[in-house]
Amino acid sequence: HHLRPFVLGLPKTELHLHIEGTLEPELIFALAERNGIQLPYPSVQALRDAYQFTDLQSFLDLYYAGAGVLITEQDFYDMTMAYLLRMRAEGVRHVEIMFDPQTHTVRGVDISTVFAGLARALREARDSWGLSAYLLLSFLRHLSEEDALVTLEQALPLREAYLDLWIGVGLDSGERGNPPEKFARVYERCRTLGFRLVAHAGEEGPAEYVRNALDVLQAERIDHGVRSEEDPALLQRLIHQRTPLTVCPLSNLKLQVVDELDQHNLARLLRLGLCVTINSDDPAYFGGYLVENYLATAQALNLTAPQLATLARNSISASFLPDARKLALL
Ligand code: HPA
Ligand code: ZN
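Residues numbered from 1 in each chain as written. Chains lettered and ligands numbered in written order. Predicted model: local features only at pLDDT ≥ 70, side-chain atom pairs only at ≥ 80, totals over all residues.

**Student:** Residues and numbers for the packing of helix α5 (residues 73-89) against helix α7 (residues 111-129), please.
**Tutor:** Where α5 contacts α7, the two axes come as close as 7 Å, and the packing angle between them is 35°. Crossing handedness for the pair α5 and α7: right-handed. Only Thr113, Val114, Ala116, Gly117, Leu118, Arg120, Ala121, Leu122, Ala125 and Trp129 of α7 make contact with α5, whose side of the interface consists of Glu73, Gln74, Asp75, Phe76, Tyr77, Thr80, Met81, Leu84 and Arg88. Of the residues that constitute the contact of α5 with α7, the class distribution is eleven nonpolar, four polar and four charged. (Axes fitted to C-alpha atoms, helices over the stretch in contact; angles between N-to-C directions. Helix = DSSP H or I, 4+ residues; strand = E, 2+ residues; numbered from the N terminus. Left-handed = near helix turned anticlockwise from the far one by under 90°. Contact = placed C-beta atoms within 7 Å. Nonpolar A, V, L, I, M, F, W, Y, C, P; charged D, E, K, R; others polar.)

Structure representation (structure tokens):
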């Protein structure tokens, strides 16, 4: 794509990224071997060939299975460092990374192992090439609120040690039937504790879930949010509040949230004046990292260079960076 050098050179951040979704099939196989885990696929290619999704749940089944190879601190470090090296190559200046501790603690992996591996990679990237990063601990919405509260309590003793990284919480996994209200208490507790708040809403779930993520959870940023378009009053509110949406075009395509990329509403939302950003979600599963998401979207929706620059600027202003750092990047 002729805009590739331009997009590579844009100062930009990634704000919607599940670190477990960066596990490439090659690394899944390598970690399985290192940990003596038998995978139900004969080869890397067979695993990659299985990545044919019809909806969010069909993806989540493989995503949680893939994360089952993560056992040691080194595993979490290797996964994270592989992603950060790609972001360095793509001209990304800052990342806000979600991680799903419940996926690991349920298998007997200690939450401190998860934090330690992620943090070692993130601090190394910061110290060696100036890529900054924050962590958003994400609760799995298909599990109970009680489980989320227990997870929060397990993580809180680590807060001091990771104050430079762990700044907020998120909500992910199967959306339908798991509305934001289910997590009202845990979000209230997180708010009281001073955490920044994001939540997935309006990916497969209705616009009402976006509304309740704002009203009940007091989310400051909405992950996906593309179904907000179904509620004009909500759209006006998102515009006036400048609530950012972290949109993931290739994810929406692969999970059949849209049938074709040229039907994606990202350009419409951008024209309406929403603070839309482009992100990769689970790049190892959806066929492209951040720059690929920019370029595929530009191609499908005929985005211009100035529009791509706006999207990159939005990614900086929608981040949780201090204002001084935002200004330096803009
Ligand atoms: N939606 C919900 N949960 C997720 C996703 C997503 O796109 N990716 C990883 N967990
Ligand atoms: Zn997501």
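**Student:** Tell me about unusual backbone geometry, and name the residues and values.
**Tutor:** At histidine 224, a position not held by glycine, the phi torsion is positive, near 75°. Mapped onto the elements of the fold, histidine 224 is located in strand β6 (residues 221-224). When the 29 C-beta atoms within 10 Å are taken as the criterion, histidine 224 is described as buried. Within the chain, aspartate 281 stands out as a residue other than glycine whose phi angle is a positive 70°. Mapped onto the fold, aspartate 281 is located in the loop between β8 (276-278) and α14 (283-286). (Buried ≥ 20, exposed ≤ 12 C-beta atoms within 10 Å, placed from the backbone.)

**Student:** Lay out the UniProt feature "binding site: Zn(2+)" (unreviewed entry) in the protein chain in plain terms, naming residues and giving numbers.
**Tutor:** Mapped onto the present numbering, the UniProt feature "binding site: Zn(2+)" (unreviewed entry) falls on His16, His18, His200 and Asp281. These residues run over 266 residues, yet every pair of their C-alpha atoms falls within 11.7 Å of each other. Summarising the element assignment, histidine 16 is placed in strand β1 (residues 12-18). Ignoring any residue separated from it by four or fewer positions in sequence, one finds histidine 16 in contact with Asp223, Thr246, Cys248, Asn279 and Asp281. For aspartate 281, a count of 29 C-beta atoms within 10 Å puts it in the buried group. The contacts of aspartate 281, once residues within four sequence positions are left out, are His16, Leu17, His18, Gly21, Cys248, Ser251 and Phe286. (UniProt positions renumbered as here; feature names shortened; annotations may be inferred.)

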